[in-house]
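Analysis of the macromolecular model
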Amino acid sequence: MCPAEVMRVRARYPDRDGFVERDGVKVFFEVYGDGDPTILLMPSWPIVHSRMWKGQIPYLARHYRVVTLDPRGNGRTDRPRDPAAYADEEYVADALQVMDATGTERAVLVGLCPGVRWSVELAANHPGRVEGLVAIAPGVPFLSPPHEFRARAAETFDQVVPESDDWASRENRHYWLRDYRGWAEYHSGPVLMLPEPHSSKPYDDLVEWALETDAETLLITRDAPGGNLFPKDKEQAEELCRRIACPVLIIHGTDDLCQPISRAERLAELTGGRLLVLEDAGHAGFARHPVVVNLEIRRFVDEIHPPAARGLTWTRAMSRPKRALFLSSPIGLGHARRDVAIATALRELRPDLRIDWLTQHPVTAMLEARGEHVHPASDHLANESQHIESVAADHDLPVFQAIRDMDEILVSNFMVLHDLLRDEPYDLVIGDEAWDADHFWHENPELKRAPFVWLTDFVGWLPMPDLGEREAALTADYNAEMVEHVERFPWVRDRSIFVGDPEDIVPDRLGPDLPGIREWTEGHFDFCGYVTGFDPVALGDRERLRSDLGFGPDEAVCVATVGGSGVGVDLLRRVIEAFPEAKAERPDLRMIVVAGPRIDPATLPARDGLEVRGYVDGLHRYLAACDVAVVHGGLTTTMELTAANRPFLYFPIRHHFEENFHVRHRLERYGAGRRMEYAESPPEVIAGAIVEEIGRPVSYRPVETDGAARAAAMIADLVS
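Residues numbered from 1 in each chain as written. Predicted model: local features only at pLDDT ≥ 70, side-chain atom pairs only at ≥ 80, totals over all residues. Heavy atoms only, no water.

As a further point, take the sheet that holds strand S21 (residues 674-675). Read from one edge to the other, the open sheet built from 6 strands follows the order S18-S17-S16-S19-S20-S21, with strand pairing classed as parallel. Looking at which strands have only one partner, the edges of the open sheet turn out to be strand S18 (611-613) and S21. Relative to strand S20 (residues 648-651), strand S19 (residues 628-632) is paired through 4 bridges, and the arrangement is parallel. Each bridged residue has a counterpart across the sheet, and for Ala629 the counterpart in S20 is Phe648. Strands strand S16 (556-561), S19 and S20 of the sheet are contacted by helix H25 (residues 635-644), whose axis makes an angle of about 155° with S19. On the sheet, helix H27 (residues 683-693) packs against S16, strand S17 (589-594), S19, S20 and S21 and is oriented at approximately 145° with respect to S20. (Pairing = 2+ DSSP bridges. Helix = DSSP H or I, 4+ residues; strand = E, 2+ residues; numbered from the N terminus. Contact = heavy atoms within 4.5 Å. Axes fitted to C-alpha atoms, helices over the stretch in contact; angles between N-to-C directions.)

Structure representation (structure tokens):
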């Protein structure tokens, strides 16, 4: 794993990794899956390494065996200082040695830019080792002239040129040595790699990977000799391409400023290959448009290596049972609680509707305990909760950046959804903050196969003030993309439902030149009111409920809980530290700490008289019966306490914009809870606040009890 990847959860980890060594140079490789055939994802110029394929690996590895290798000069592969070590034949020899080391007799090669050049050499000179070739933005010189501005820059590369913003000034040896980060940022941006709007995340990735090498190493690759493999002129280059006997797929963007599309067109002519043109796409189409690239690669591989035939059953359309697929966000259990309530109400309106669930742990465990049907494809989903937990520490979670860094997980999970809907007919898809489905259907609207309902309890990414101007610009850019998506393709979301009321929406704007959040939401959403997932009246008499739960009449019960993820573990630890002091002030205090499904109770400190429990089914009953609760700022738990009219302390997670802005605004509207800052609340302060809140009379704004029924009625209209 590269240093910058230590804190990130991947969508798929290798089943095997290792090194091969040749002439003193160690080359790192990874192997994913065990299917057939093998896909060899070739290295590219060492300004990037094999993590550039993160959008492809999880999907391809579900269907085939995938092998990757880091190029000489980046990643975990060595950085030799001899220019001769970077000649074309060295990269080809590295690929062959990795194939031998991984037991890969033959493979389908996928290359980008110079990786296509090395793939062409490998396919032409070792035809028995190559089953097919996917050439993305082929960097095959001599097939056509380079872009004029790049040709001019090449002439002055070694000269000292005046500083300016043009390409010749940046594509320059002296500039690289003077300001390598500046070069990496310029190279990765719209001038060369990513002309598409809203490309900030792949841009950040490219810069990050570039910074894992240095200017000196890249200059050595520039000084590498041509080697003995690749031709020196147009005639030889074309002859080499004609010798390729395997099937070829070429993918190229019309706005690629690194490699002219004429090279892709000529490669297709010489090899008889199929050319897929990505209209208005740049050089990094594999990263910016991963869905279409993934699907095209799979189509190509299956044509070469048809999958085993399997029996199929076709059911006459009018005889098919009505089916809905519910996508429930796994980041906490709050979505699942309201989703089950909506599903229950929907079944009352459409008794003939079968509902399947596509989701992840811990939601799957809760659903199965309630007798719901979790689709087996859920096993293929990469865990979003694990990723969110991995970037949280000390009650701090920069959640917007965490969601951005979850991009490869979202791509992977969308591909699972896509395959499922391609193979099985559904009448309806309901997505509760299913970011992957919503984003990639808007990016690829032709792939949508069923009516889609979008559920959310907040609209608008908001920047945390202390994270500076860049976070403000990024959140506004994400909001702008959402607005553009919805305005351009309003039919992707057949119904958008806001879980709440218009007054619950923060009085902010989506960005400096964008609409107000409430104004835009009212124009594009229906409102169902809040969905608690339970009716407080149905809980019955509170004293009887306390008795049923084993609470004594003379006990002051405090429940501390942090929801269905593990991001609140630091708050639980601090509350536990506060318990002895609070107990000293209130000898009748009984504290129950609920760790939830993703925190091991054994990892929490023990205190005399303290009860620590794992997952508690029906936690809302404990919250309704307690005398005070301590929670973080998640919407579900705080609104359950609001509905039950119980006093509670809530600690918004630092840098969690939803808890600090959206949830806080809603709770203030309901007049509910006592907000506290974790950083300003040592154990003794928490202990004092618990004692003060026990038994304090509260009178919150009533919470709607018909939200699930209202949401279900809106959804039922889409099922004929």
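For the rest of this paragraph, the subject is the packing of helix H14 (residues 334-349) against helix H28 (residues 707-716). Two elements in contact, H14 and H28, have axes whose closest approach is 8 Å; the angle formed by their N-to-C orientations is 55°. Compared by their axis directions, H14 and H28 come out oblique. Taken as a pair, H14 and H28 cross one another with a handedness that is right-handed. For the pair formed by H14 and H28, the contact residues are Ala341, Ile342, Ala345, Leu346 and Leu349 on the first element and Ala708, Ala709, Ala711, Ala712, Ala713, Ile715 and Ala716 on the second. Taken together, the residues of the contact of H14 with H28 break down into 12 nonpolar, no polar and no charged. (Parallel < 35°, antiparallel > 145°, perpendicular 65-115°, else oblique. Left-handed = near helix turned anticlockwise from the far one by under 90°. Nonpolar A, V, L, I, M, F, W, Y, C, P; charged D, E, K, R; others polar.)

Another aspect to go through is the side chain of Glu693. Secondary-structure assignment places Glu693 in helix H27. When near neighbours in sequence (up to four residues on either side) are disregarded, Glu693 contacts Asp627, Val628, Pro647, Phe648, Leu649 and Arg674.

Among the residues making up helix H11 (residues 261-271), those that are buried are Arg263, Ala264, Leu267, Ala268, Leu270 and Thr271. Burial along H11 is one-sided: seen end-on, the buried residues are contained in an arc of 165°. Elements in contact with the buried residues of H11: helix H3 (114-125), strand S6 (130-138), helix H10 (234-242), strand S7 (248-253) and strand S8 (274-278). Directly after H11, the chain includes Gly272, whose backbone phi takes a positive value near 70°. (Buried < 20%, exposed > 50% of the residue type's maximum accessible area, 1.4 Å probe, protein only. Arc of directions from axis to C-beta.)

Soluble globular proteins: nonpolar side chains tend toward being buried together. Ranked by internal contacts, the top residues of the largest apolar core, which has 111 residues, are Ile39, Trp53, Ile136, Leu325, Leu417 and Trp441. Once you skip the residues sitting within four places of it in the chain, Leu325 turns out to touch Asp356, Trp357, Leu358, Leu417, Leu420, Leu421, Tyr426, Leu428, Val429 and Ile430. Membership of the second largest hydrophobic core comes to 65 residues, among which are Ile342, Val631, Leu635 and Val698. (Core = buried A, V, L, I, M, F, W, Y, C linked by side-chain atoms within 4.5 Å.)

Our focus in this paragraph is the packing of aromatic side chains. Within the structure shown, the criterion is met by 28 aromatic pairs. When the centroid spacing of 5.2 Å and the interplanar angle of 80° are considered together, the rings of Phe157 and Trp176 count as edge-to-face. Of this pair, Phe157 sits in the loop between helix H4 (148-155) and helix H5 (167-170) while Trp176 is found in helix H6 (residues 173-178), placing the two residues 19 residues apart along the sequence. Neither residue differs from the other here; Phe157 and Trp176 are each classed as buried. Three or more aromatic residues link up through ring pairs in this structure, and these residues are Phe400, Phe414, Trp435, Phe440, Trp441, Phe452, Trp454, Phe458, Trp461, Tyr478 and Phe657. Just above the ring of Phe19 sits the side chain of Lys26; from NZ or CZ to the centre is 4.7 Å. The ring of Phe157 has Arg222 sitting right over it, with the charged end atom 3.7 Å from the ring centre. (Phe/Tyr/Trp six-rings, centres within 6.5 Å; stacked < 30°, edge-to-face > 60°. Lys NZ or Arg CZ within 6 Å of the ring centre and 35° of its normal.)

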